[in-house]
Every structure is written in structure tokens, then in C-alpha cells.
Amino acid sequence: MSVPEPYGTQLQDARAAHGDPQARSIPTHVTLLPPTEVPAELLPKIEEHLAAVAAAHRPFRMLLRGAGTFRPVSPVVFVRVEEGAQECRLLEADVRSGPLARELAFPYHPHVTVAHGLSEEVLERAYEQSRGYRASFRVPGFSLSRFDADEVWRPWRAYPFG
């Protein structure tokens, strides 16, 4: 789910300021399904599935507030989803079913990444700087993104909630 403006740019700029090389190639978002390679012939079935999932959910309010981290398991610092986390969990479970059913390497935890794969010192600084972050907005739906040849993730299809 995309984080709307001005918050998306604020968080992407913060990620870039920490020196994260992926900052400009990944739009600010809350992941519902990790990157998943699918055969092109399954795309119509996947799009039908995502449209049905979106139709079964309603818009909700999301509050991003404060910092979190997956360290020491994974070198990631993030902004926490304080309100809307339960809606994200329900949505994630529905998305990760049918033609997109798959096992996850880690339990699902909705969040917005602000630093990934950087030195411990930079991750700690990112954590401290994100502790006071706060943004509230309405989530009207989600999108399917694709990884293009230029190695940039771009929203490809939008799925508004029913």
C-alpha cells in the first residue's frame, strides 16, 4: 500500500539521507506481499484475485508513529504502523492466498522501511531520528507493483477497496 504525499516523499527522503541505495528505487509503502516472481500467464488470474480481495475490504485509517527495528535478525529500521495494523494483517492474509499463496520467511509485520542493510551506526541513527515520526492518512486501496528493467519498483495496477 502506497504511503500518500507528503508522507511518502518525507520518508523516502529520510531513507536517502541515511545513504540507503534502494531509497529512490522503492516507493514508500507498506508491503502486503514480498516480491514474488510469477509467470506472465498467471497475471489475469492474479489480477482477478486482487480485485476480489480489494472489493471485500473497506478503506481504513492508518497512523504511522515511532520507530521499530528487526535487528539483530535483519538490518532494518522502520516506522511503525500503530493504527491500521490489524487491517493490514487481514488484507495480507487475503492477498497471500489463492494464486499468490506462499510461505513467508518471517511472520508478517506491517511497517514502512526507513533504512535497510546499512551499518549498525547508521541504523541506530535512523532509529533515533524516526522515533518522533507521525503521519495519519486514509488508505483507499492497494496496488500491484512490478520490478522494471531499470531495477525500480513501480505501481502497475490499482485496486480500490469496495
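One structure accompanies this document, and this report is about it.

The rules we used
- Residues numbered from 1 in each chain as written.
- Predicted model: local features only at pLDDT ≥ 70, side-chain atom pairs only at ≥ 80, totals over all residues.
- Heavy atoms only, no water.
- Phe/Tyr/Trp six-rings, centres within 6.5 Å; stacked < 30°, edge-to-face > 60°.
- Buried < 20%, exposed > 50% of the residue type's maximum accessible area, 1.4 Å probe, protein only.
- Helix = DSSP H or I, 4+ residues; strand = E, 2+ residues; numbered from the N terminus.
- Contact = heavy atoms within 4.5 Å.
- Polar contact = N/O pair within 3.5 Å; in protein donor to acceptor, adjacent residues only side chain to side chain.
- Axes fitted to C-alpha atoms, helices over the stretch in contact; angles between N-to-C directions.
- Parallel < 35°, antiparallel > 145°, perpendicular 65-115°, else oblique.
- Left-handed = near helix turned anticlockwise from the far one by under 90°.
- Nonpolar A, V, L, I, M, F, W, Y, C, P; charged D, E, K, R; others polar.
- Expected span 1.5 Å × (residues − 1).
- Arc of directions from axis to C-beta.

A closer look at the packing of aromatic side chains
Piece 1. Evaluation of the coordinates by the stated rule reveals six aromatic pairs.
Piece 2. Seen in terms of ring centroids, Phe70 and Phe78 are 4.6 Å apart; in terms of plane orientation they differ by 40°. Their pairing is tilted.
Piece 3. For Phe70, a relative accessible area of 26% gives the class partly exposed.
Piece 4. These aromatic residues form a ring-pair network of at least three members: Phe60, Phe142, Tyr159 and Phe161.

A closer look at the environment of Ser130
Piece 1. Relative to the helices and strands, Ser130 resides in helix α4 (residues 120-130).
Piece 2. Assessed through its relative accessible area of 7%, Ser130 is described here as buried.
Piece 3. As for Ser130 and Arg65, which are separated by 65 residues in sequence, their C-alpha atoms are 8.4 Å apart.
Piece 4. In this structure Ser130 touches Gly66, Ala67, Val79 and Val114, once residues within four positions along its chain are discounted.
Piece 5. A polar atom in the side chain of Ser130 sits 2.8 Å from the backbone oxygen of Ala126.

Considering the packing of helix α2 (residues 43-55) against helix α3 (residues 85-95)
Piece 1. Across the interface, α2 lies against α3 with an axial gap of 10 Å and an inter-helix angle of 150°. As summarised for this structure, α2 and α3 are arranged roughly antiparallel, according to the angle between their axes. For the pair α2 and α3, the sense of crossing is right-handed. Contacts from His49, Leu50 and Val53 in α2 reach Leu91, Asp94 and Val95 in α3.
Piece 2. Looking at side-chain class alone, the contact of α2 with α3 contains four nonpolar, one polar and one charged residues.

Structural notes on α2
Piece 1. Compared with the 18 Å implied by 1.5 Å per residue over 13 residues, the 18 Å span of α2 between its first and last C-alpha is a close match.
Piece 2. Of all the residues in α2, the buried ones are Leu43, Ile46, His49, Leu50, Val53 and Ala54. For α2, the angular spread of the buried residues around the axis is 130°, confining them to a single face. Seen from the open side of α2, the exposed residues pointing more than 90 degrees away from its buried face are Pro44, Lys45 and Glu48.
Piece 3. On the buried face of α2, the contacting elements are α3, β5 (141-147) and β6 (153-160).

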